[in-house]
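These are the residues of each chain, in order.
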Amino acid sequence: MSNPMDYNRGNRNFGGPRNFGGPREMTKTVCSDCGKECEVPFKPTEGRPVYCQECLPKHRKPRF
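In this text, all values refer to a predicted model and were calculated from it rather than measured experimentally.

Novice: Break down the overall build of the protein for me, citing the residues and quoting the values.
Specialist: In terms of regular secondary structure, the protein is built from 2 helices and 2 strands. N-terminal to C-terminal, the α/β element order of the protein is α-β-β-α. Considering the protein as a whole, with its 64 residues, one finds that 11% of them fall into the buried category. Counting only contacts in the protein whose residues sit at least 6 apart along the sequence, the fraction spanning at least 24 positions is 7%.

As structure tokens, this is what we get:
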């Protein structure tokens, strides 16, 4: 006889479906630093700055 816990162990879907490797939905926006139009892979939050790829490193906090 097999243990019912063994049956459930490999069949769990933690975190729900994810779309890794699929096409990302890009949103057009304007960089808050240089004013250049750019695309970001998320929907910008109103009131928070968005930076293009060139300006983002200048505003990132260093990781320790």
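Novice: So what's going on with the UniProt feature "domain: CxxC-x17-CxxC" (unreviewed entry) in the protein? Residues and values would help.
Specialist: Residues given the UniProt feature "domain: CxxC-x17-CxxC" (unreviewed entry) here are residues 24-60. With 11% helix and 22% strand, residues 24-60 has end C-alpha atoms that lie 22 Å from one another.

Novice: I'd like a rundown of the pairing of strand β2 (residues 37-40), residues and numbers included.
Specialist: Across the two faces of β2 the burial differs, with Cys38 and Val40 buried and Glu37 and Glu39 not buried at all. Between strand β1 (residues 27-30) and β2, which pair antiparallel one after the other, the connecting turn spans 6 residues, and Gly35 there sits at a positive phi close to 80 degrees.

Novice: Give a description of the side chain of Thr29 that names residues and reports values.
Specialist: Tracing the backbone shows Thr29 in strand β1. Those residues in contact with Thr29, other than ones at most four positions away along the chain, are Lys36, Glu37, Cys38, Val40, Pro44 and Val50.

Novice: Got a sec to walk through the environment of Asp33? Specific residues and values, please.
Specialist: Mapping Asp33 onto the fold places it in the loop between β1 and β2. A residue is classified by how much of its surface remains accessible, and Asp33, at 39% relative accessible area, is partly exposed. Put simply, Asp33 and Tyr51 are 18 residues apart on the chain and 6.4 Å apart in space, counted from C-alpha to C-alpha. If near-sequence neighbours (up to four positions away) are discounted, Asp33 is found in contact with Tyr51, Cys55, Lys58 and His59. Here the side chain of Asp33 touches Lys58 through a polar contact of 3.4 Å, side chain to side chain.

About the thresholds
Residues numbered from 1 in each chain as written. Predicted model: local features only at pLDDT ≥ 70, side-chain atom pairs only at ≥ 80, totals over all residues. Heavy atoms only, no water. Helix = DSSP H or I, 4+ residues; strand = E, 2+ residues; numbered from the N terminus. Buried < 20%, exposed > 50% of the residue type's maximum accessible area, 1.4 Å probe, protein only. Contact = heavy atoms within 4.5 Å. UniProt positions renumbered as here; feature names shortened; annotations may be inferred. Pairing = 2+ DSSP bridges. Polar contact = N/O pair within 3.5 Å; in protein donor to acceptor, adjacent residues only side chain to side chain.

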